[in-house]
2 protein chains.
Amino acid sequence: MKKTLGNHFLLEFHGCPYSTLANVSYVEEHLLKAAEVSNAHIVRTLFHQFQPYGVSGIVVITESHLSIHTWPEYNYAAIDLFFCSDDVFPERAIEYLKNAFNPEDVEIKQIRRGEIIVQGVGTLHEF
Amino acid sequence: MKKTLGNHFLLEFHGCPYSTLANVSYVEEHLLKAAEVSNAHIVRTLFHQFQPYGVSGIVVITESHLSIHTWPEYNYAAIDLFFCSDDVFPERAIEYLKNAFNPEDVEIKQIRRGEIIVQGVGTLHEF
């Protein structure tokens, strides 16, 4: 039986207002909230303010991760939503993020991660 | 003038020995080393051991991030290398990771992130 472990959404946010991308606390608040509205379970987080500008943020969730890298000087953010559960709602996170970062143009790629063949429930291959 | 800010490599490692994926310290050691051999500059790191099994790890680098999520029970790891610099060597990191996790099968997708039109060096759009 085939099984896909995760779905990875790569979001290209172009034309975001500078103010939404420049400040680590704004970015952190909204990436965390996006994790919450998607029904993901936050494990640990890491946010970093670059100088002179730019923010990187990671939210590790039980279901994999959310990440963001911002280029305020280009009004651009690269956002990843990597979810390995059917109990999360990526579309809710995406809508929330659109409202928070207000991009003029959005491109989304969805990529399946971990397409595996399951030989039986709980089968463990310790080779 | 068109410019691409980053290259994102999505690595599917199938058939990895259980022992390479189960332990957070092994995974951490080798993801950090992969960052180093690629010439990336490590900013901050975050590694987490899940129970009963599985590891998530993130290395935030000046040039974006490396991430890994392991499913030892399926002998599978999803690895991302997101580099936004021409001064890093993704192929070195990939070769290093292949040796560290010894997958039977590898699939790699390369996706361009942040394809923007540059109107001038240092132009800042504060709208």
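The rules we used
- Residues numbered from 1 in each chain as written.
- Chains lettered and ligands numbered in written order.
- Predicted model: local features only at pLDDT ≥ 70, side-chain atom pairs only at ≥ 80, totals over all residues.
- Heavy atoms only, no water.
- Pairing = 2+ DSSP bridges.
- Helix = DSSP H or I, 4+ residues; strand = E, 2+ residues; numbered from the N terminus.
- Axes fitted to C-alpha atoms, helices over the stretch in contact; angles between N-to-C directions.
- Contact = heavy atoms within 4.5 Å.
- Expected span 1.5 Å × (residues − 1).
- Buried < 20%, exposed > 50% of the residue type's maximum accessible area, 1.4 Å probe, protein only.
- Phe/Tyr/Trp six-rings, centres within 6.5 Å; stacked < 30°, edge-to-face > 60°.
- Lys NZ or Arg CZ within 6 Å of the ring centre and 35° of its normal.
- Disulfide = S-S within 2.5 Å.
- Least-squares fit on C-alpha atoms with pLDDT ≥ 70 in both.
- Buried area = accessible area lost by both parts, 1.4 Å probe.
- Salt bridge = Lys/Arg side-chain N within 4 Å of Asp/Glu carboxyl O.
- Polar contact = N/O pair within 3.5 Å; in protein donor to acceptor, adjacent residues only side chain to side chain.
- Nonpolar A, V, L, I, M, F, W, Y, C, P; charged D, E, K, R; others polar.

**Q** Which residues make up the sheet that holds strand β5 (residues 76–83) of chain B, and what values go with them?
**A** Residues and elements named next belong to chain B. One open sheet accounts for six strands, arranged β2-β3-β4-β5-β1-β6; its pairing is antiparallel. Strand pairing shows two members of the sheet lacking a second neighbour, β2 (42–49) and β6 (105–117), which therefore form its edges. Put simply, the sheet's adjacent strands are angled 10 degrees from each other on average, direction ignored. Here β2 pairs with strand β3 (residues 55–61) via seven bridges, running antiparallel. Pairing of His 48 across the sheet is with Ser 56, part of β3. Sheet strands touched by helix α2 (residues 24–37): β2, β3, β4 (64–71) and β5. Its angle to β2, the strand with the most contacts, is close to 160 degrees.

**Q** How would you explain α2 of chain B if you had to name every residue and give the values?
**A** Residue and element names in this part refer to chain B. The end-to-end C-alpha distance of α2 is 20 Å, a good match for the 20 Å that 14 residues give at a rise of 1.5 Å each. Buried within α2 are the following residues: Val 27, His 30, Leu 31, Leu 32, Ala 34 and Ala 35. Of the surrounding secondary structure, the elements contacted by the buried residues of α2 are α1 (18–21), β2, β3, β4, β5 and α3 (90–101). A positive backbone phi angle near 80 degrees is found at Asn 39, which sits one or two residues after α2.

**Q** So what about the packing of aromatic side chains? Which residues, and what values?
**A** Residue and element names in this part refer to chain A. Taken as a whole and assessed by the stated rule, the structure comprises four aromatic pairs over all chains. With a centroid separation of 6.0 Å and an interplanar angle of 80 degrees, the aromatic rings of Tyr 26 and Phe 101 are classed as edge-to-face. Of this pair, Tyr 26 sits in helix α2 (residues 24–37) while Phe 101 sits in helix α3 (residues 90–101), and the two are 75 residues apart along the sequence. When the ring centre of Phe 89 is taken as reference, the NZ or CZ atom of Arg 92 above it lies at 3.8 Å.

**Q** Give me the lowdown on the state of the cysteines, citing residues and values where you can.
**A** Evaluation of the coordinates by the stated rule reveals zero disulfides over all chains. Cys 16 of chain A takes part in no disulfide bond, and the closest cysteine sulfur, belonging to Cys 84 of chain B, lies 16 Å away.

**Q** Tell me about the relation of the copies chain B and chain A, residues and numbers included.
**A** With an axial shift of 0.0 Å and an RMSD of 0.0 Å, the rotation relating chain B to chain A amounts to 180 degrees. When the rotation and shift are considered jointly, the pair of chain copies conforms to a two-fold rotation axis. Of the interface residues in chain B, 100% have counterparts in chain A that sit at the interface too, so the contact is made through matching surfaces.

**Q** An account of the interface of chain B and chain A is requested, with residue identities and associated values reported.
**A** Listed by partner, the interface residues are 52 residues for chain B and 52 residues for chain A. Taken together, both faces of the contact between chain B and chain A bury some 4,100 Å²; the carbon and sulfur share is 66%. Run the count over chain B and chain A and you get four salt bridges. Its salt-bridge partner being Glu 12 of chain B, residue Arg 113 of chain A comes within 2.4 Å of it at the nearest N-O pair. Counting every contact that joins chain B to chain A gives 18 residue pairs in polar contact (both at pLDDT 80 or more). For the side of chain B that touches chain A, the secondary structure elements donating two or more residues are β1 (2–14), β2, β3, β4, β5 and β6 of chain B. Within the side of chain B that touches chain A, the residues separate by chemical class into 26 nonpolar, 15 polar and 11 charged.

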